[in-house]
Amino acid sequence: MIITGGTDGLGKGLALHYLRQGAHVVAIGSTAEKGEALLAEAEAEAPAGRVTFVRADLTSLAACRGVVDRLAADHPVVDKLILCAQRYRLLGGRATTGEGFEHSFALAYLSRFVLSHGLHDVLRAARRPVVMNVGTPGVPLGRIHWDDLQLTRAYSGAKATLQSFRANDLLGVAFGVVHAGSGVSYVGYNPGVVSTGMPASLPQPLRAATRALFTVLATSVPKATGPMTALLDDPPAEPFTAHWGKRRLPLDGRAFDRDDALRLHELTQELIAR
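Rules of the game
Residues numbered from 1 in each chain as written. Predicted model: local features only at pLDDT ≥ 70, side-chain atom pairs only at ≥ 80, totals over all residues. Heavy atoms only, no water. Helix = DSSP H or I, 4+ residues; strand = E, 2+ residues; numbered from the N terminus. Buried < 20%, exposed > 50% of the residue type's maximum accessible area, 1.4 Å probe, protein only. Right-handed = clockwise from strand over helix to strand, strands pointing away. Pairing = 2+ DSSP bridges. Contact = heavy atoms within 4.5 Å. Axes fitted to C-alpha atoms, helices over the stretch in contact; angles between N-to-C directions. Left-handed = near helix turned anticlockwise from the far one by under 90°. Nonpolar A, V, L, I, M, F, W, Y, C, P; charged D, E, K, R; others polar. Phe/Tyr/Trp six-rings, centres within 6.5 Å; stacked < 30°, edge-to-face > 60°. Lys NZ or Arg CZ within 6 Å of the ring centre and 35° of its normal.

A. Just unusual backbone geometry, in detail. If you check the backbone angles, Leu 151 has positive phi at about 50 degrees while not being a glycine. The residue Leu 151 is located in the loop between β5 (130–134) and α6 (157–178) in this model. The phi torsion at Ala 154 lies on the positive side, around 50 degrees, for a residue other than glycine. Considering the arrangement of structural elements, one finds Ala 154 in the loop between β5 and α6. A residue is classified by how much of its surface remains accessible, and Ala 154, at 58% relative accessible area, is exposed.

B. Representation of the pairing of strand β2 (residues 25–29) in the model. Within β2, five of the five residues are buried, which leaves the element mostly enclosed by the surrounding structure. Residues Val 25, Ala 27 and Gly 29 of β2 are buried on one face, and the alternating residues Val 26 and Ile 28, pointing to the opposite face, are buried as well. Handedness of the crossover joining strand β1 (residues 2–4) and β2 through helix α1 (residues 9–20) is recorded here as right-handed. Judged from the five bridges that link them, β2 and strand β3 (residues 51–55) form a sheet pairing that is parallel.

C. Representation of the side chain of His 103 in the model. For His 103, the location among the structural elements is in helix α4 (residues 103–118). Its relative accessible area of 13% is what places His 103 among the buried residues. Once residues within four sequence positions are removed from consideration, His 103 is found in contact with Thr 59, Arg 87, Arg 89, Ala 95, Thr 96 and Thr 97.

D. Quick peek at the packing of α1 against helix α8 (residues 221–233). The geometry of α1 relative to α8 is characterised by a closest axis approach of 10 Å and an angle of 65 degrees between their N-to-C directions. Two packed elements cross with a definite hand, and for α1 against α8 that hand is right-handed. Here α1 contributes Gly 9, Leu 10, Gly 13, Leu 14, His 17 and Tyr 18 to the contact with α8, which in turn contributes Val 221, Ala 224, Thr 225, Met 228, Thr 229, Leu 232 and Asp 233. Along the lines of polarity and charge, the residues of the contact of α1 with α8 split into seven nonpolar, five polar and one charged.

E. The packing of aromatic side chains, seen in detail. Under the defined criterion, the tally for this structure stands at five aromatic pairs. A centroid spacing of 5.1 Å and a plane angle of 55 degrees characterise the contact between Phe 105 and Tyr 109, whose relative ring orientation is tilted. On the criterion of helical spacing, the pair formed by Phe 105 and Tyr 109 is a turn pair, its members being four residues apart in helix α4. Looking at Phe 105, the relative accessible area reads 1%, which means it is buried. Here Phe 240 and Phe 256 contribute two aromatic rings whose centre-to-centre distance is 5.9 Å and whose plane-to-plane angle is 50 degrees, an arrangement assigned as tilted. Here Phe 256 lies in the loop between β8 (247–249) and α9 (258–273) and Phe 240 lies in strand β7 (residues 240–244), a separation of 16 residues in the sequence. Residue Phe 256 is classed as buried on the basis of its relative accessible area, which comes to 8%. Chaining the aromatic ring pairs together yields one cluster made of Phe 175, Tyr 186, Phe 240 and Phe 256. The residue whose ring lies beneath Arg 263 is Trp 146, and the NZ or CZ to ring-centre distance is 4.1 Å.

So this is what it looks like as structure tokens:
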């Protein structure tokens, strides 16, 4: 199994859970120190060699494609792909990647697009393959800015973050259409508020306020991973489903519109082909 954001928060929790179950885990992260910490912690959970850390900057399309090529070559069969990598940029000015993409769009959406579609063939080779895209399905906030996907006008960090979440809802829908009949189950998953290291990426005083809120409202990582592993171990038969915790969400709303999903799919292909 492959987990992006696998060295921290929910990703790390899932990595350690599946190592205890005997799985081979590839954890992708951007920080060498966190990768080394995961490997050290994994030594107590599993025999050496069952976990691999891959350091990659997932804001880079070139790096994402390199990860796909490497993993597809090393692992001809992958049963689970879990997409957790995220870094919130709610405050401050618009930032772009080295390839010119708006940061949140690149990390939280484009990387998941490239990995989902790029690893499809090694996923379909598994007996019950599943992709889990961890985001906020069911939250009625944000929209796709069709006339300005890179938010070059009237940018805000909150607008960019919410657009990336809505784009991931549509990514799942389009994946199910494009790869219909392949046997890969795509799950959009909202874990709710989870006690992770997310507040550390926020500036003060928002960081302190978010930590205080997490103390009161957040679910622990071990508790939050329970419903996730249930879906991962027994994925739905449908090509795409969306869930908020243990609750399955209806797909009849605009957030999961098929035409919008295919429109975004085509626009994304054009963007990444340039």
